[in-house]
Each structure stands twice: as structure tokens, then as C-alpha cells.
Amino acid sequence: MSMDPASCYHCGEPCNRTHIVLDDKDFCCNGCKTVFEIFHQNDLSYYYELQESPGSTPDNTDGKFDFLDTPEFVESLLSFHNEKMEIVDLFIPNIHCSSCIWILENLNKLHDGVSSSQVDFPRKTISITYNTDKIVLKELVMLLSKIGYEPNISLNDYKNAPIKKDRSLWYKTGIAGFAFGNIMFLSFPEYFEVGEFWLEQFKGVFRWLMLVFSLPVVFYSGRDYFISAFKGIRAKLLSIDVPIALGITVLFLRSATEVVLDLGPGFFDSLTGLIFFLLLGKVFQQKTYSFLSFERDYKSYFPIAATRIDADRNEESVQVYKINKGDRLLIRNEELIPADGILISTSAKVDYSFVTGEAKPVRIVSGDKVFSGGKQISGPIEIEVLKTVSQSYLTQLWSRAAFQKDRTSEFRTLTDSIGKRFTITILIIAVVAASFWMVYDSSKALNVFTAVLIIACPCAIALAAPFTLGNMLRIYGRCKFYLKDTQSIERLSRINTVIFDKTGTITTTKINDISYNGLQLTPDEESLLKNTLRGSNHPLSRSLYELLKEHEITTLDDYREHPGKGLEASKDERNIRIGSADFVGNTAHSDTSNTAVHISSDNNYKGYYSFQNAYREGVSDVARALGKTMDIAVLSGDNDGERRQLEKLFPKLTHFYFNQKPEDKLRFIQQLQEQNKNVLMVGDGLNDAGAFAQSDVGIAVSEDINVFSPASDGILDGLKFKQLYAFILASKSAMKIIKVSFVLSLLYNVVGLYFAVSAQLEPVIAAILMPLSSISIVIFTTVATNFLGRNLK
């Protein structure tokens, strides 16, 4: 060991007290050396390539997490758990850079018990899914601590604790504004060249006071620019903060030199004004992002609901936020469980792939715990709510990686490519312009160099897409068209082929003329029929369920739903089949003029319910508008009994396909995409999950907000179906707004650089114009998208 003042290869701290050398690399302690060895042995050395010295020194955690041996406390921390899998969300204050994200999302390479891990960088949290047979929560926390990412776990109910707001930006802006105002005041004699005796006597004092006022502005208010620039250079990346930090440094050194050597007053007014206006721009951006985040959280979420059973066994539909602890809920087949609870029914089969990403159903029995986000797949069940879950939790699950479509954003790609080349281009322009003025008029060289670095800013370009698309999400949400993410808008704008499902999509379940044809059902058969229909969310099942008279609710011995075919159930050695003629065993049925639901009891055909479908308001207008510029097809699982009616509603070139199974719809969309078609699938969300996942955009039309389809990209309220074409046109207009914003941003930079290079722009004016460019783009995109929104109401 030696005492050389080298920097630690892992954390960057100086090796003052201890200096350990391993593989020609310096470490400040055994902890940092151990972390390096762990990463190196597990082929994770790329961690150090993303950013130099990105880690932090691990603390001694002996005995610190013994409280995690208590099962009750562990359970309070978990978002989800079953026999072999648990999911926990942890707050890690040390997350600060891309290296942190990379190593934390590769925890599975450090321990095979970790299935997946996902970092939320702005909130500094990580969601970890792990196998409890291989690693428990305490061991997981110890592993994180060992590599320098100790979670902040409080014994209090930290999940309900208010999040502390970071006010440092306000403090920095306030100090910069205070110093800027005072320096301007002290500079008045210099501005107006006042020759008054006493002012001349104290001119030197005023200059030194300006230097003193500038110190906290440069080294406190402006330090984030230096830190960001230093980290960027260390990682061999030229961020936009590099020219800003360089401009601040040049201004400060030049000004300080003039004051110390009594050569002049310097440029402290420009320096502090520059930092003040840059910070004001940041404050504005932060407030705008917070506003958009609030709008997204509270106005754009699909209003998920559940069926609550009261003390008299009456059923009512209530929204998630109205569910309380102790409520009894009915969960139908294929419905999401909206809150954590205890299973009251005899048994259930729950698919937690929405939560865990693993599509292996879990069998549970009465008294077992069920978790929010699971999907019941073996008939109707009843649960008692243990813990309510926020609407945002369910919608966040909707946006999880398991349901994301792997398609890049052209605007994100364009923004990234501009950003990579922007800084180096600006630095070259600044150096060339300053060199020119050094030859022709050296007094202007510094101002030109600084103004060029400050005026040019890619921020406006970077803000155009997220602000436009973010505001469009909010506007769509207000119009009851709920989209998963901003990329869905971009994909929607490129659609050139539209596929419609029929039942529950272009037809409405609210208005149906239903008649029964066949043998009279006995009271027992009708009761079994009613209880079987109770478990299904299919539009025809819901309509028929509402039609039948009240019967005592009973628990079925067996329940199965066959997508595209029908339902079957049994109770006390009696069985029933409900669905298509082929499914119930009646191949002789010849009436194909209407949609029909056939019934057989104990393998004996009883008859069928005939539905005279009512089509949604505006179906014909939407279809004909779409048909002018797009290809249209109707894929239906029903027979072709309503072909003539559909042909009247849809344009002549529309293709109709009947008796289509879910796999047929998926295959049809694949074939279209092989022909370079961008396909929009519009369905009811029940049997269309595969088609939704395959299509470029999948939209579920819903009248029953109990039906929530995770595979869809968007959910459209049935009453707003007539505006579908308007929503597609709005997405295309949003893309035009982004392109116009790009042009305006580039024009701003070109014009600004012209004035800066030609020495017609002071640095402080450049600092004012720089955030104004971002503000103008935000205002333009907001006003333009709000104008689009007016046409959607």
C-alpha cells in the first residue's frame, strides 16, 4: 500500500488515507476494490466505460438491515408476491448517471435470483422482480449496498410519506437574481460614465464588490453547468452544458483579471445576468413539465372500474378510486383484479403476466391473497378488498415494457442525431468567430465567443416532440380517447389500413332487439344460463345477462370460455353450452339473417337468442371518411348474416371476412404488414389481444369500463366512436406541428448565430433569448395542439 494522491477508479474520490492497486487501477478502499472485482468477474466492466468513476463507496451495512428478517415488514414493502416470486420498489439516492441505470438493470448478471430490474431515473427508484427460492429481500438489499447502491428504507410507512420537493433550483435562481440586480446597480457609474468626484473615488470598491457578488453566482448558482460539463467530457460526450460552462468560465476569468489588475470593470453584469436567465429558463421548463405530468396523471387515465356487490347482493359498477377496504368485488372472466384482496370464492386461476411479464397462471384457493393487476381466467370470482390501489398503478402497468411495441420514434432519432453534432459544431463556430475578431477588433472577440456559445441551443428542438405529443395525450384523454404513450400517436399518424371487428366494436350493446326461438327453458336451466353469463364480459353475454330475469347467484362447479366460440359451465351434474351453432352441436341451424347465441343444456339443443344489432352512431360516416385515403376491412367472428347491412354502411372497396377466429385475425394483420401496410386494429378488447399486439396500433372500443385490455395501445369510449377519423387526422396534424417546430428552432439558431458572430449580440441578451426560444416553442406547440383539441370536442 502507498499514500499516492491518485483518484479511485470506482468512485473518483482521492486515495488519501488508503491506496490499493489492482490490475494497474487505483482504489481508495477495499469496498471500491470489491465492487470492481464483482463487476469484472460478472462481465460487467462496461459500467466503467459509460462514465469514468461512476460509482460510490459502499458503506458498512453489518446488522443494518436485520429488520428485513421480519415477514410482516417485508410484506409491507412488496408490490407483489406469490410462492416463488416477489416484486419490490426501492428508493436509491445514489442513482445519478447512465452507468447507474445500466448496472442496476443488469442485476440478473450479479445474481441469478433476480429476474428483472427497471430503473425510474427521475424518481431514483428501481422495481426488482426476484425468485424467493434463490434470494430473499434482505440478501437483495445487501447486494445493492455491496455495489454502492444502498436503498433508503424507512421503518415508517415510507410509501405514504410525502415526497420532499427539491427547492435548490429556486434558491440558485434567487441568489443569481439578487446578485444580478446589485451588480447592475453598482455598474451604473460605468454605464453612464459619470465623472462625479465621490463615484470616481469609490469606483475600485464598486468593482471589487461586483467580483464578490459574482462568486456565489458562479460557484453555487452555476455549478450544475460545470458538473454536467465535467461528467460529459469525462464520459467523452459533449453535452449542451459544455459551451455554457465554457462561456461562464471565460467571462468570469476575464472579468476577475480586469478587476484584480485594475484594467476595467469586467463583465460581471453580463455574467450574473447570463446565469440568472438560464436558471429562469430551467424554472419555467420544470414548472411546465410538472404541469404536464399532473395533467397526465389525473386527466388522461382510462377510468378503470369494477363491479361491487352490496349487502343485498346487488351489483353496481364503481370506479377504482371509489373502492374501499372491505368491499366485496365481482371479477368476471378475463377481468383485471383492481385491488389487493382475499379470495372468497372456492378457487381461482389468475394470470399475473400483466404484473410480472410471465404468462404462467397461478391456481389459488379460498382465503388466499390476490394482487392488483392479475387477470382472472377461470370464470367469475368474488374477492374482499384488503388494500386499495391507485388508478395510476394500474395504468403504469399498462405502459410496462412487456406491452411496449419495439418501434423507434423518428423524432427521437432526429433529436438525438442533432444533439450529438450540435455542441461540436457550435464550439467550432465560436472558435472561428473569436479568431476572426481577434484579428480585426480584439475588444469584441470575447463577447462574440461567449455570445455564440450561449445563443445556440438545441433545447427548443428537443422540446418540440415531447411537448406536442404530451399535450395531445392530455387532449385525447379529455375527449375519452385514452392512449398508452406518445409513440402511439406517432404510429397512429402513419396508419394506412384500418381493420374493424364487428360485435361490440361497430355494433353497440346498449340498444339490441333480442328474441328467443326454441324450446322453453326450465327455471333451473335459465338460472344456470344467467350464472354462466354473469362470468363473461363479451358484449352479447352482457346484453343477454341484463335481459334475463333475476335468479339467485350460485357458484358454478366449472366454467370455461372458448374465445371466438362460446361458454360452457356446469353445476350439480348439469351442464350448459352457450355460443355459436357449431359449438353447441347444432349444425342444422340455417337462419343467418341475424347474430345468434345458441344454447344447449345437458347436450340437448334448446334454441337460440337472435340479436338485431344496432350499429354505432356515425359508423357509416367514419367508414366512408377513412375509405377515401385508407384500405378498410371488417373481420368478424360471427356469421355473414349481416353482410348486406354492412355493405350499405361501408365503402364499396371494403373487404369483409366472417367466422374469423382470433388467430385468423392475427394472421391477416401479419400478411398486411408483409405488404408494408401500417395497420390499425379496432376491436372490443376481448378476443383481440393477439391482433392488438401484432398491429401497429390497437384500439379497444369500450362501453363497459370494467373491460381493460393491456394489449391495446388505446381505449376509445364507445360514445366517441364517431370521432375516430378526427382523432387520426389530429395525430397527423400533431406530426406537422412538430416538423414546423423543428424548422422554427433551426431558424432561431441560424438567426441568433448570425447576430452573435457579427458582434451584434451581447452575452446577457443571448442568455435572455436562449430560454425564450424554448418558451416560444412550448407556447407554439401548446397553442397549436389546443387549437386541434377544440375541433375534437
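Data block above holds the structure.
Since this is a predicted model, take the numbers as computed values, not measurements. (Residues numbered from 1 in each chain as written. Predicted model: local features only at pLDDT ≥ 70, side-chain atom pairs only at ≥ 80, totals over all residues. Heavy atoms only, no water.)

Engineer: Hey, could you run me through the overall build of the protein in this one?
Structural biologist: Within the protein, the secondary structure is distributed over 27 helices and 28 strands. When burial is assessed residue by residue, the protein has 51% of its 793 residues classed as buried. Within the protein, contacts between residues at least 6 apart in sequence are counted, and of these 66% link residues at least 24 apart. Approximately 37300 Å² of the protein is accessible, and the part contributed by carbon and sulfur atoms is 54%. (Helix = DSSP H or I, 4+ residues; strand = E, 2+ residues; numbered from the N terminus. Buried < 20%, exposed > 50% of the residue type's maximum accessible area, 1.4 Å probe, protein only. Contact = heavy atoms within 4.5 Å. Areas by Shrake-Rupley, 256 points an atom, 1.4 Å probe, with all protein chains shown as cover.)

Engineer: When you look at the packing of helix 16 (residues 442-455) against helix 26 (residues 724-757) in this model, what are you seeing that I'm missing?
Structural biologist: For any two helices packed against each other, one specifies the inter-axial angle together with the distance between the axes. Close contact between helix 16 and helix 26 brings their axes to 9 Å; oriented N to C, the two are set at 170 degrees. Our classification of the angle between helix 16 and helix 26 gives roughly antiparallel. Along its contact with helix 16, which presents Val-448, Ala-451, Val-452 and Ile-455, the element helix 26 presents Tyr-748, Asn-749, Gly-752, Leu-753, Ala-756 and Val-757. Looking at the contact of helix 16 with helix 26 residue by residue, the class counts come to eight nonpolar, two polar and no charged. (Axes fitted to C-alpha atoms, helices over the stretch in contact; angles between N-to-C directions. Parallel < 35°, antiparallel > 145°, perpendicular 65-115°, else oblique. Nonpolar A, V, L, I, M, F, W, Y, C, P; charged D, E, K, R; others polar.)

Engineer: Is there a simple way to explain the environment of Leu-635 in this structure?
Structural biologist: Considering the arrangement of structural elements, one finds Leu-635 in strand 24 (residues 631-635). Judged by its relative accessible area of 0%, Leu-635 falls in the buried class. For the pair Leu-635 and Gly-683, spaced 48 residues apart in sequence, the C-alpha to C-alpha distance is 9.5 Å. In this view, Leu-635 contacts Ile-499, Phe-500, Asp-501, Lys-502, Tyr-657, Gln-660, Lys-665 and Phe-668; residues no more than four positions away in its chain are not counted.

Engineer: Would you explain the environment of Ala-245 in this entry?
Structural biologist: Relative to the assigned elements, Ala-245 resides in helix 11 (residues 241-260). C-alpha separation for the pair Ala-245 and Ser-228, spaced 17 residues apart in sequence, amounts to 8.8 Å. Setting aside residues up to four positions removed in sequence, Ala-245 forms contacts with Tyr-225, Phe-226 and Ala-229.

Engineer: Explain helix 20 (residues 539-547) here, please?
Structural biologist: Residues three or four positions apart in an α-helix share a direction because the helix packs 3.6 residues into each turn. Of all nine residues that make up helix 20, seven are buried, and the element is covered over most of its length. Among the residues making up helix 20, those that are buried are Pro-539, Leu-540, Ser-541, Arg-542, Ser-543, Leu-544 and Tyr-545.

Engineer: Is there a simple way to think about a nonpolar patch on the surface in this case?
Structural biologist: Judged by side-chain polarity, Trp-208, Val-260, Leu-261 and Leu-263 come together as a nonpolar surface patch covering roughly 450 Å² of accessible area. Its location among the elements puts Leu-261 in the loop between helix 11 and helix 12 (268-299). Under the relative-accessibility criterion, Leu-261 is labelled exposed at 53%. (Patch = residues over 30% accessible without salt bridge, like charges linked within 9 Å, V, L, I, M, F, W, Y side chains within 5 Å. Salt bridge = Lys/Arg side-chain N within 4 Å of Asp/Glu carboxyl O.)

Engineer: Even after reading the chapter, I still don't get the nonpolar core, so can you show me in this structure?
Structural biologist: Among soluble globular proteins, nonpolar side chains are generally buried collectively. The biggest cluster of nonpolar side chains holds 49 residues, and the ones touching the most others in it are Tyr-476, Leu-492, Phe-500, Phe-650, Leu-680, Phe-721 and Leu-724. Setting aside chain neighbours within four positions, we find Leu-724 in contact with Phe-500, Val-622, Val-682, Ile-699 and Leu-716. (Core = buried A, V, L, I, M, F, W, Y, C linked by side-chain atoms within 4.5 Å.)

Engineer: Which parts of the structure should I look at to understand the sheet that holds strand 12 (residues 362-365)?
Structural biologist: Pairing between the strands of a sheet is mediated by backbone hydrogen bonds and can be parallel or antiparallel. The three strands lie next to each other as 12-11-14, forming an open sheet whose pairing is antiparallel. Of all the strands in the sheet, just strand 12 and strand 14 (375-376) have a single pairing partner and so form its edges. Note: strand 11 (residues 347-351) against strand 14, two bridges, orientation antiparallel. The residue bridging Val-350 from the neighbouring strand is Gln-376, located in strand 14. (Pairing = 2+ DSSP bridges.)

Engineer: When you look at the packing of helix 18 (residues 486-493) against helix 26 in this model, what are you seeing that I'm missing?
Structural biologist: Where helix 18 contacts helix 26, the two axes come as close as 8 Å, and the packing angle between them is 100 degrees. It follows that helix 18 is roughly perpendicular to helix 26 by the angle criterion. Of helix 26, the residues touching helix 18 (which contributes Ile-489, Glu-490, Leu-492 and Ser-493) are Phe-727, Ile-728, Ser-731, Lys-732 and Met-735. Tallied by class, the residues present in the contact of helix 18 with helix 26 amount to five nonpolar, two polar and two charged.

Engineer: What's the story with the packing of aromatic side chains in this structure? I'm lost.
Structural biologist: Each pair of aromatic rings is reported with the distance of its centres and the angle of its planes. Counted according to the given criterion, the structure contains 14 aromatic pairs. Pairing Phe-436 with Trp-437 gives two aromatic rings, centres 5.5 Å apart and planes at 90 degrees, and the pair type is edge-to-face. Accessibility expressed as a relative area gives 41% for Phe-436, which makes it partly exposed. Classification of Trp-437 by relative accessible area gives buried; the value is 14%. Pairing Tyr-516 with Tyr-609 gives two aromatic rings, centres 4.7 Å apart and planes at 45 degrees, and the pair type is tilted. Here Tyr-516, found in strand 18 (residues 507-518), pairs with Tyr-609, found in strand 23 (residues 604-615); they are 93 residues apart in sequence, far enough to count as distant. Each member of the aromatic cluster is reached from another via a ring pair, and the members are Phe-500, Phe-650, Phe-656 and Phe-721. For the cation-ring pair, Lys-172 lies above Tyr-220, with the distance from its terminal atom to the ring centre recorded as 5.8 Å. Across from the ring centre of Tyr-545, 4.2 Å away, lies the NZ or CZ of Lys-530, which sits over that ring. (Phe/Tyr/Trp six-rings, centres within 6.5 Å; stacked < 30°, edge-to-face > 60°. Lys NZ or Arg CZ within 6 Å of the ring centre and 35° of its normal.)

Engineer: Could you clarify how one ought to interpret the sheet that holds strand 3 (residues 78-81) in this entry?
Structural biologist: One open sheet holds the four strands; their spatial order is 3-4-6-5, and the pairing between them is antiparallel. Each having just a single partner strand, strand 3 and strand 5 (114-120) make up the two edges of the open sheet. For this sheet, the mean inter-axis angle between neighbouring strands, taken without regard to orientation, is 15 degrees. One ladder, built from three bridges, connects strand 3 with strand 4 (residues 85-91); its direction is antiparallel. Residue pairing for strand 4: Phe-80 is matched across the bridge by Ile-87.

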